[in-house]
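This is what each chain is made of:
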Amino acid sequence: MDQLEEILERMRNHSTNSCRNAETPESSRDSDVCPLCNGDEWILVKKDGIERAVPCKCRERAVMSRRLRFADIPEAFRGMDLKTFRMDVYRNPDSKKKVSDACKIIKTYLDDFEKQKEQGMGLFIWSRTKGSGKTRIAAGIANELMKSYAVKFAVSLTILQEIKNTWRKDAEYSESRLLDALSTADVLIIDDFGVECPADWINDKLYQIINERYINRKVTIFTSNESLETLQYDDRVTNRIKERTYQIAFPEESVRDHIAERHKEEMIEKVMKGRNNG
Ligand SMILES: [Zn+2]
């Protein structure tokens, strides 16, 4: 069985194993203004004739999202849409096959996301080559899921840096709060996983986050320049990931330059067309 068939088969199994009813997706985007408090995060409640301010239901999520404000889609990928993900920029036949399989798997996954989410199944998108489109596709997935879920997107190194920042005396929040916020986000996308050298503290913190997400069946999506087999982390980290992700091999071809070239060509075409029409 090749990658495509194998993963689709695994997805079907996860779909049918589901015993709970699909939950209705909460409206949980950060940008949504809460209708109860108009975004104040506090509401007035009258008790025994006395009015007092109590935290609104939305407050907890808002606080968490502020804690994770570093976890946003990078500016360059904000508008990335899966529908406009370009498969035609890959030139090697092997790349074309790989990217087409990868996109089929991702589409099936997203179409079935409610069920996959119940099972806590995420994705592990990898290829050794930088610029092969992994971050672009991950951003596209993030933008798609953001329509219905609280999605956090962070570069692996940034997460570790943020953890380190909490060790400072003047830190804004504690390490445990940060880890808690990372552990409870509906969907966490970790970009460029596995570039940092695997010091003991890194293994420990990553395990804490990943294990907590594992226990609570939270969806985690990774991009990496390593396969799960060559990742330098503890087995306890990689085993958790192995169990809860579909591993998707991305092409070993950098398309960064091809995309820039293609954009230039299209620009020229547009200009030429404009000239012919005008
Ligand atoms: Zn509210």
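Heads up: these notes are all about the structure in this document. Just so it is clear, the structure is predicted and the values come from calculations on it, not from any experiment.

Thoughts on empty space enclosed by the protein
Then step 1. Per the stated rule, a full pass over the model turns up two cavities of 30 Å³ or more.
Then step 2. Size it by volume and the largest cavity reaches roughly 90 Å³.
Then step 3. Going through the elements one at a time, α8 (200-215), β6 (219-224) and α9 (235-244) are the ones with two or more residues in the lining of the largest cavity.
Then step 4. Taken together, the residues of the lining of the largest cavity sort by class into four nonpolar, three polar and four charged.
Then step 5. Size it by volume and the second largest cavity reaches roughly 50 Å³.
Then step 6. Together, Ser156, Ile159, Leu160, Leu188, Ile190, Leu206, Ile209 and Ile210 line the second largest cavity.
Then step 7. Contributing elements (two or more residues each) for the lining of the second largest cavity: α6 (156-165), β5 (187-193) and α8.
Then step 8. Along the lines of polarity and charge, the residues of the lining of the second largest cavity split into seven nonpolar, one polar and no charged.

Some details on the environment of Pro74
Then step 1. Here Pro74 lies in the loop between α2 (59-67) and α3 (93-111).
Then step 2. Look at Pro74 and you get partly exposed, because its relative accessible area is 26%.
Then step 3. Along the primary structure Pro74 and Val155 are separated by 81 residues, whereas in three dimensions their C-alpha atoms are 9.1 Å apart.

Side note on the packing of helix α7 (residues 175-184) against α8
Then step 1. Two elements in contact, α7 and α8, have axes separated by 8 Å at closest approach and are oriented at 40 degrees. Classified by the angle between their axes, α7 and α8 sit oblique to one another. The way α7 lies across α8 gives a crossing that is right-handed. Packed against α7, whose contacting residues are Glu175, Leu179, Leu182, Ser183 and Thr184, the element α8 presents Lys205, Gln208, Ile209, Glu212 and Arg213 at the interface.
Then step 2. Of the residues that constitute the contact of α7 with α8, the class distribution is three nonpolar, three polar and four charged.

Overview of the sheet that holds strand β7 (residues 245-249)
Then step 1. The five strands are arranged β4-β5-β6-β3-β7 in an open sheet whose pairing can be described as parallel. Edge positions in the sheet fall to β4 (151-155) and β7, since each has one partner strand and no second. Ignoring strand direction, the axes of neighbouring strands in this sheet form an average angle of 15 degrees.
Then step 2. Taken together, the five bridges between β5 and β6 define a ladder with parallel strand orientation. Bridge pairing in β6 places Ile189 opposite Ile221.

Details of the packing of aromatic side chains
Then step 1. For the structure on display, the rule yields eight aromatic pairs.
Then step 2. Both rings, one in Tyr109 and one in Tyr246, keep their centres 6.1 Å apart while their planes meet at 75 degrees; by these two values the pair is edge-to-face. One end of the pair, Tyr109, is in helix α3; the other, Tyr246, is in strand β7, and 137 residues separate them in sequence.
Then step 3. Classification of Tyr109 by relative accessible area gives buried; the value is 0%.
Then step 4. On the basis of relative accessibility, which here comes to 0%, the residue Tyr246 falls in the buried class.
Then step 5. Each member of the aromatic cluster is reached from another via a ring pair, and the members are Tyr109, Phe113, Tyr149 and Tyr246.
Then step 6. In this arrangement the basic side chain of Arg240 is found over the ring face of Tyr214, its NZ or CZ atom lying 4.0 Å from the centre.

Parameters and conventions
- Residues numbered from 1 in each chain as written.
- Predicted model: local features only at pLDDT ≥ 70, side-chain atom pairs only at ≥ 80, totals over all residues.
- Heavy atoms only, no water.
- 1 Å grid on protein atoms, 1.4 Å probe; cavity = no way out; pocket = protein on both sides within 12 Å on 5 of 7 lines; lining within 4 Å.
- Points joined across faces, edges and corners; volume = space filled by probe spheres on them.
- Helix = DSSP H or I, 4+ residues; strand = E, 2+ residues; numbered from the N terminus.
- Nonpolar A, V, L, I, M, F, W, Y, C, P; charged D, E, K, R; others polar.
- Buried < 20%, exposed > 50% of the residue type's maximum accessible area, 1.4 Å probe, protein only.
- Axes fitted to C-alpha atoms, helices over the stretch in contact; angles between N-to-C directions.
- Parallel < 35°, antiparallel > 145°, perpendicular 65-115°, else oblique.
- Left-handed = near helix turned anticlockwise from the far one by under 90°.
- Contact = heavy atoms within 4.5 Å.
- Pairing = 2+ DSSP bridges.
- Phe/Tyr/Trp six-rings, centres within 6.5 Å; stacked < 30°, edge-to-face > 60°.
- Lys NZ or Arg CZ within 6 Å of the ring centre and 35° of its normal.

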